[in-house]
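Descriptive analysis of the structure
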Amino acid sequence: MKDKIISETRDKMQRAVDGIRHEFSSLRTGKAAPALLESIQVEAYGARMPISQLGTVSAPEPRLLVVQPWDKTMVGAIQKAILASDLGLTPGSDGNVIRVPIPALTEERRKDLVKFAHKIAETGRVSIRHHRKEANDELKKQEKDKVLSEDVVRRAEAEVQKLTDDFIEKLEAVLKAKEAEIMEV
């Protein structure tokens, strides 16, 4: 029973770290990354759709994204959606392909992005701590129901705390790497 709780907690904490890693991938740095446009929704065919469902996004150069729509009639809608996003990008088009130059970040913008990355990381830390609390509550419930002994519960709580520390450390490493990537000129 104790092992199942710890295993589930480990999985949940890993998903929290992976989720933050995914959120970081859409955070703009000075380099072009197709994940940058992932969050943009385009008004297409009477519905809102992500750009990735309307065409191919690639980064042929370090400071350029290219969107190749499968349906050429969507070029204008995709361009409009990129312009309306809060990414501060200005797309250009030749009627077939959309080119999105990625401007170099100013020092001030880099610092703002680092602050935003810290906020994202904090949500990850909160999530990890929440999973720790869930696990400890479940262990206490098992103790109260006389399924697990007090000693087993104490050892399991220590194990859960070690897991929490390890995953927060992993999260910090991911944050440091993203911070370095953002601050890189």
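Now for a quick tour of the structure.

Time to look at the overall build of the protein chain. A count of helical and extended segments in the protein chain gives 4 helices and 6 strands. Against the globule reference of 16 Å for 185 residues, the protein chain gives a C-alpha radius of gyration of 22 Å, more extended than a compact globule. The C-alpha extent of the protein chain, read off along each of the three principal axes, is 70 × 40 × 25 Å. Residue burial in the protein chain is summarised as follows: out of 185 residues, 39% are buried. Partitioning the contacts of the protein chain with sequence separation of at least 6, the portion at a separation of at least 24 is 65%. Averaged over its 32 positive side-chain charges, the protein chain has a centre that lies 1 Å from the centre of its 31 negative ones.

The next point concerns the pattern of salt bridges. By the definition in use, this model includes 17 salt bridges. A salt bridge links Lys4 to Glu8, with the shortest nitrogen-to-oxygen separation between them at 3.5 Å. Taken as a pair, Lys4 and Glu8 lie in helix H1 (residues 2-25) at a separation of 4 residues, close to a single helical turn. Between Lys141 and Asp145 there is a salt bridge whose closest N-O contact spans 3.5 Å. Given a relative accessible area of 46%, Lys141 falls into the partly exposed group. One network of salt bridges, with partners in common, ties together Glu122, Arg125, Arg129 and Glu172.

The rules behind the values
- Residues numbered from 1 in each chain as written.
- Predicted model: local features only at pLDDT ≥ 70, side-chain atom pairs only at ≥ 80, totals over all residues.
- Heavy atoms only, no water.
- Helix = DSSP H or I, 4+ residues; strand = E, 2+ residues; numbered from the N terminus.
- Rg over C-alpha atoms; globule rule 2.2 N^0.38 Å.
- Buried < 20%, exposed > 50% of the residue type's maximum accessible area, 1.4 Å probe, protein only.
- Contact = heavy atoms within 4.5 Å.
- Lys, Arg positive; Asp, Glu negative; His and termini not counted.
- Charge placed at Lys NZ, Arg CZ, Asp CG, Glu CD.
- Salt bridge = Lys/Arg side-chain N within 4 Å of Asp/Glu carboxyl O.

Interpretation note: all reported values are geometric properties and have no functional meaning in isolation.
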